[in-house]
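# A closer look at the structure
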Amino acid sequence: MSEAPNNRVTGFVMPVGNGAVGKTSLALTLERSTLPEGWQSVIAGLQKSQNLEFRYVTDVIEVMGTPYRVMHQYLVPPGQKSVEITNRERSFEDVLRIYQSIIRRVDVVLVSYKITDLDTYNDIEYWLEKINPIIHPKTIFILVGTHLDMDEQREVTDPIIKNGTAYASGLLKNLQPEWKGHVTSMEVSNTSGENIDRLRRLISGAILVACGVQVHG
Amino acid sequence: MVMKQTGPLQSPSPIQYFFQGIQKLTMDSVVGDLPSYKVSVSPEALGFQIASMLEKDVHLPGVIVMEGEDIKGIVSRERFYERAGKLFGTDIYFGRSISTMLASIPQDNLILQDSTLITLATQQVLNRDLPSIYDPIIVERSGRNFRLLSALMLFIAQSHQLLELHHQRCYTVDAGQQFSDRDAILQFIRHVGIRPEFNLNVFIKPHAIRCDHCHKMVNFSVVDVVRSFPQLNRGVIVEEKMGTRSYRLYIRHRCLHGEIWEIPLFLDENLQYRSQRSARAVESYV
């Protein structure tokens, strides 16, 4: 058995986005992806609540010859906007208000949308504005398109994503001039697992960058 | 005696102005959009002076009697001639101050803010006692600036809105308003403000989409959509989100049992088909 790396970094990751785009599934799939074959079923099934959900992923990546054990701590808020709430459910804003004082920092924001639903992509602007109060100057944003297995029903195309990535970066700089982070994008499928490993590594790298570890390339 | 009268804010000829501009009224129009008179007199104004004012402008709905900044009441055209037309009416009222006549008129004045929707204003007017329904309405603009609006103007405006609402619900992409492709394209361009070098062929390019309610194919072009909406802002929505412009069009067609249903359609910035949503019934003004 290989020795565990001494360099340990913990990053806080918050998936945001409209309801039913796959935020909780994404955290769950990422968690399962780190387990050995046959052990995936150990992780409890999909749990949805109107609260902040917590999930943990441990990843090991090597940066310039140095191995890092990166702990992803996922904080999954509800995807309901305050304007959409008509009963006693909690909205994203409600949950943020409750937990804002104890969320130490958010290093990576997974802005999630369905590639088969342009509305969920167009609403990213809303989520960027709402998440803005809890980000720090090095927070990395990843636009995560889910439902890649339904590519034939795609509404969000590559040019739209390219425009959107640049636009999101400009918007964040406007909202918080001291923000010096990055915005990147990736598409995954929670069902087939396509690109999940790549996304996990991307998140690990992003956590290292957000935490000030020198990462090149 | 103090008498102040200026014509309606927008034009010296209210009726002419009103009927010229009536097409611009929408369901969101407010009473401030209707022509009203700034016409106030002091309680000491004599009856014959009011008669002269009413005679000079046949559309003047009446006068507001004001003492300083306080409204004492309204003498409408109908009430004035009703009182003056009685036996000895001119002898009694023409030589005396208007406050004499005002004392004999029951006051049920309706004061509305100029931002009140025409639809809501009409409801309030019709909620008055039957004999007062046709009395003019006082419209308050900012800074205690009171104007007089004829109830008839309000009813005409609402009638126009109802007609538009009716039209809104009966046009479809294959049976729209009667105007040329060129006019439809111009309307579309004015509405969405697209750049001049845009390829105009996209406006007449035929599209076909399937309605998920009646399962029939619906054929249309962008100009057909323009013709199916008397108020284009209800049928063509421009979205500028995440650095990309897109258009949402509502494709209205005759669906099952002759009902009109609309299919929300998304087009990209080059007016090319992107996606569609489930059809929905056109049941109310949307």
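## Thoughts on the overall build of chain A
A count of helical and extended segments in chain A gives six helices and six strands. When the elements of chain A are put in sequence order from the N terminus, they spell out β-α-β-β-α-β-α-α-β-α-β-α. Taken across its 217 residues, chain A has 40% of its residues classed as buried. In chain A, of all internal contacts separated by at least 6 residues, the share reaching a separation of at least 24 is 75%.

## Considering the nonpolar core
Membership of the largest hydrophobic core comes to 50 residues, with the highest contact counts inside it found for A:Val108, A:Val109, A:Val111, A:Ile124, A:Phe141, A:Ile142 and A:Leu143. Per element, the largest residue contribution to this core is eight residues, and it comes from helix 6 (residues 196–210) of chain A. Contacts of A:Ile124, omitting those with residues within four sequence positions, involve A:Val111, A:Tyr113, A:Leu143, A:Gly164, A:Ala168 and B:Met242. By size, the runner-up hydrophobic cluster in this structure holds 31 residues, among which are B:Ala45, B:Met101, B:Leu112 and B:Ala121.

## Some words on the confidence of the model for chain B
Residues and elements named next belong to chain B. Per-residue confidence for chain B gives a mean pLDDT of 87, with 91% of residues at or over 70. Within chain B, no element has a lower average pLDDT than strand 1 (residues 3–8), which sits at 55, and none a higher one than strand 9 (residues 217–220), at 96. Here the predicted complex carries an ipTM of 0.83, next to a pTM of 0.67.

## Let's talk about the interface of chain B and chain A
Across the contact, eight residues belong to chain B and twelve residues belong to chain A. The set of elements that each furnish at least two residues to the side of chain B that touches chain A consists of strand 10 (236–241) and strand 13 (273–276) of chain B. Tallied by class, residues from the side of chain B that touches chain A come to two nonpolar, three polar and three charged.

## Looking at the sheet that holds strand 4 (residues 106–114) of chain A
Picture the strands of a sheet paired through backbone hydrogen bonds; they go either parallel or antiparallel. Residues and elements named next belong to chain A. Read from one edge to the other, the open sheet built from six strands follows the order 2-3-1-4-5-6, with strand pairing classed as mixed. Each end of this open sheet is capped by a strand with a single partner; those strands are strand 2 (53–63) and strand 6 (183–187). Direction aside, the axes of adjacent strands within the sheet are offset by 25 degrees on average. Summarising the sheet, strand 1 (residues 7–16) and strand 4 pair through four bridges and their orientation is parallel. The residue of strand 4 that forms the bridge with Pro-15 is Leu-110. Where helix 4 (residues 124–131) meets the sheet, its contacts fall on strand 1, strand 4 and strand 5 (135–146), and the angle it forms with strand 4 comes to roughly 160 degrees.

So, how was this worked out
Residues numbered from 1 in each chain as written. Chains lettered and ligands numbered in written order. Predicted model: local features only at pLDDT ≥ 70, side-chain atom pairs only at ≥ 80, totals over all residues. Helix = DSSP H or I, 4+ residues; strand = E, 2+ residues; numbered from the N terminus. Buried ≥ 20, exposed ≤ 12 C-beta atoms within 10 Å, placed from the backbone. Contact = placed C-beta atoms within 7 Å. Core = buried A, V, L, I, M, F, W, Y, C linked by C-beta atoms within 7 Å. pLDDT = per-residue confidence, 0-100. Nonpolar A, V, L, I, M, F, W, Y, C, P; charged D, E, K, R; others polar. Pairing = 2+ DSSP bridges. Axes fitted to C-alpha atoms, helices over the stretch in contact; angles between N-to-C directions.

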